[in-house]
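Close look at the chain arrangement
Chain by chain, the residues run as shown.
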Protein chains: 2
Amino acid sequence: MSKDKKISTSECGNRSTCPLTNTLDLIGDKWTLLVIRDMLFIGKKQFGDFLDSPEGISTNILTERLKRLEKNGVIEKRPYQKNPVRYEYFLTNTGNALKPVLMEIAGWGSVHIEGTKGPTKKELEAMRKQYTQ
Amino acid sequence: MSKDKKISTSECGNRSTCPLTNTLDLIGDKWTLLVIRDMLFIGKKQFGDFLDSPEGISTNILTERLKRLEKNGVIEKRPYQKNPVRYEYFLTNTGNALKPVLMEIAGWGSVHIEGTKGPTKKELEAMRKQYTQ
DNA sequence: CGGCATCCGCCTCGATACTG
DNA sequence: CAGTATCGAGGCGGATGCCG
């Protein structure tokens, strides 16, 4: 097992090159993913919508995640009222491109992790109705 | 010891468990993913192979991740020598089913995260040769 | 209510030493 | 080389309070 010079790009995995670790550094933690999931599949938009999720994200975490996602071009915000200014958050094209990614992940989990079960389409639809106009 | 994992609080929507968060609770952290990536795309099998990764996983972390993956049916181990017993680790069908998942994630990262670049096919092939017989 | 800042406990990881 | 044990440091996240 020649342990001498390996391939120069063996650095896949450090933060700058490997697409896998890069992606998961960005969206791979629990809270970020919940936010994106709720935007993508349920249609949530406002700060309070995310806070209301049964998982109970706290405000500072939510704030920080929204900022990170915005900074990385996954979401954008747009004011929907002034005085005081309030923002709606929505996915950019980049963010929407995550849909097949999430579905692939969820699909694997549904099949291979026991006890895992997403909401039915009917439940999804009902949830979505609460947030989309 | 067996200090339980944080798999506890991932409730999705209703009381049913969310396949997204479940999956990422299992494989979503940095080190677990690197192990799976190396098995899946490079063909690494042995403890030392993973240790040699340029990211520098430490032995206790590696041990813990391998155990968790085995416990969850993603990998299995098989002794390849006795006295002392040494194990090879390999993906189960469940584990192999992660391939499209990882590729989807990596695909998104390649396109949407700047500066992200995986190894070329040629480099991948070269890496693989070191570990597969 | 929407959003931010601070404090602090706990968990995770990394380093290291040790066994077979 | 394969794997275990221990311990300290740092970061994440929960609680809370403040401000517009």
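Above: the structure in question.
In what follows, the accompanying structure is described. (Residues numbered from 1 in each chain as written. Chains lettered and ligands numbered in written order. Predicted model: local features only at pLDDT ≥ 70, side-chain atom pairs only at ≥ 80, totals over all residues. Heavy atoms only, no water.)

Some details on the interface of chain A and chain B
The partner chain B presents 47 residues to the 46 residues of chain A that form the contact. Put simply, chain A and chain B have zero salt bridges between them. If you look at where chain A meets chain B, you find six residue pairs in polar contact (both at pLDDT 80 or more). Elements that contribute at least two residues to the side of chain A that touches chain B include exactly α1 (19-27), α2 (30-42) and α6 (99-112) of chain A. (Contact = heavy atoms within 4.5 Å. Salt bridge = Lys/Arg side-chain N within 4 Å of Asp/Glu carboxyl O. Polar contact = N/O pair within 3.5 Å; in protein donor to acceptor, adjacent residues only side chain to side chain. Helix = DSSP H or I, 4+ residues; strand = E, 2+ residues; numbered from the N terminus.)

Let's talk about the protein's contact with DNA strand C
In the neighbourhood of DNA strand C, 18 residues make up the surrounding shell, with F47, T59 and T63 of chain A together with N60 and R65 of chain B lying closest. The side chain of N60 of chain A places a nitrogen or oxygen atom 3.2 Å from a base oxygen of DNA strand C. Contact distances for DNA strand C include 2.8 Å between a phosphate oxygen and a side-chain N or O atom of W31 of chain B. Counting residues per element, the ones that place at least two in the surface near DNA strand C are α3 (47-51), α4 (59-71) and β2 (86-91) of chain A together with α4 (59-71) of chain B. Looking at side-chain class alone, the surface near DNA strand C contains five nonpolar, seven polar and six charged residues. (Near = heavy atom within 4 Å. Nonpolar A, V, L, I, M, F, W, Y, C, P; charged D, E, K, R; others polar.)

A short note on the nonpolar core
Membership of the largest hydrophobic core comes to 66 residues, with the highest contact counts inside it found for V74 of chain A together with V74 of chain B. Once residues within four sequence positions are removed from consideration, V74 of chain A is found in contact with L26, I36, L69, L91, T92, T94, G95 and L98 of chain A together with W108 of chain B. (Core = buried A, V, L, I, M, F, W, Y, C linked by side-chain atoms within 4.5 Å. Buried < 20%, exposed > 50% of the residue type's maximum accessible area, 1.4 Å probe, protein only.)

Notes on the pairing of strand β1 (residues 75-81) of chain B
Inspection of the sheet shows β1 of chain B paired to strand β2 (residues 86-91) of chain B by six bridges, in the antiparallel sense. Residue pairing for β2 of chain B: P79 of chain B is matched across the bridge by Y87 of chain B. (Pairing = 2+ DSSP bridges.)

Remarks on the relation of the copies chain A and chain B
Least-squares fitting of chain A to chain B yields an RMSD of 0.1 Å, with the transformation described by 0.0 Å of translation along the axis and a rotation of 180 degrees. Both copies are brought into coincidence by an operation consistent with a two-fold rotation axis. Rotation axis and chain A: the residue whose C-alpha lies nearest the axis is G28 of chain A, separated from it by 3.0 Å. Interface overlap between copies is the fraction of interface residues in one copy that are interface residues in the other; for chain A against chain B it reaches 91%, indicating a shared surface. (Least-squares fit on C-alpha atoms with pLDDT ≥ 70 in both.)

Topic: the packing of aromatic side chains
Taken as a whole, this structure holds zero aromatic pairs over all chains when the rule is applied. In this arrangement the basic side chain of K77 of chain A is found over the ring face of Y87 of chain A, its NZ or CZ atom lying 4.4 Å from the centre. (Phe/Tyr/Trp six-rings, centres within 6.5 Å; stacked < 30°, edge-to-face > 60°. Lys NZ or Arg CZ within 6 Å of the ring centre and 35° of its normal.)

Considerations on the environment of I57 of chain A
Residues and elements named next belong to chain A. Considering the arrangement of structural elements, one finds I57 in the loop between α3 and α4. Since its relative accessible area comes to 8%, I57 is described here as buried. Taking the C-alpha atoms as reference, I57 lies 12 Å from D29; in sequence the two are 28 residues apart. The contact partners of I57, leaving out residues within four places of it in the chain, are W31, F50, L51 and L62.

Some thoughts on the pattern of salt bridges
Residues and elements named next belong to chain A. With the rule as written, the count across this model stands at 16 salt bridges over all chains. A salt bridge links D38 to R37; the shortest N-O distance between them is 3.0 Å. The two residues D38 and R37 agree in class, both being buried. With a shortest N-O distance of 3.2 Å, E88 and R78 are connected by a salt bridge. Taken as a pair, E88 in strand β2 and R78 in strand β1 (residues 75-81) lie far apart in primary sequence, ten residues in all. The exposure class assigned to E88 is buried, which follows from its relative accessible area of 12%. Residues joined in a network through salt bridges with shared partners are D29, E64, R65 and R68.

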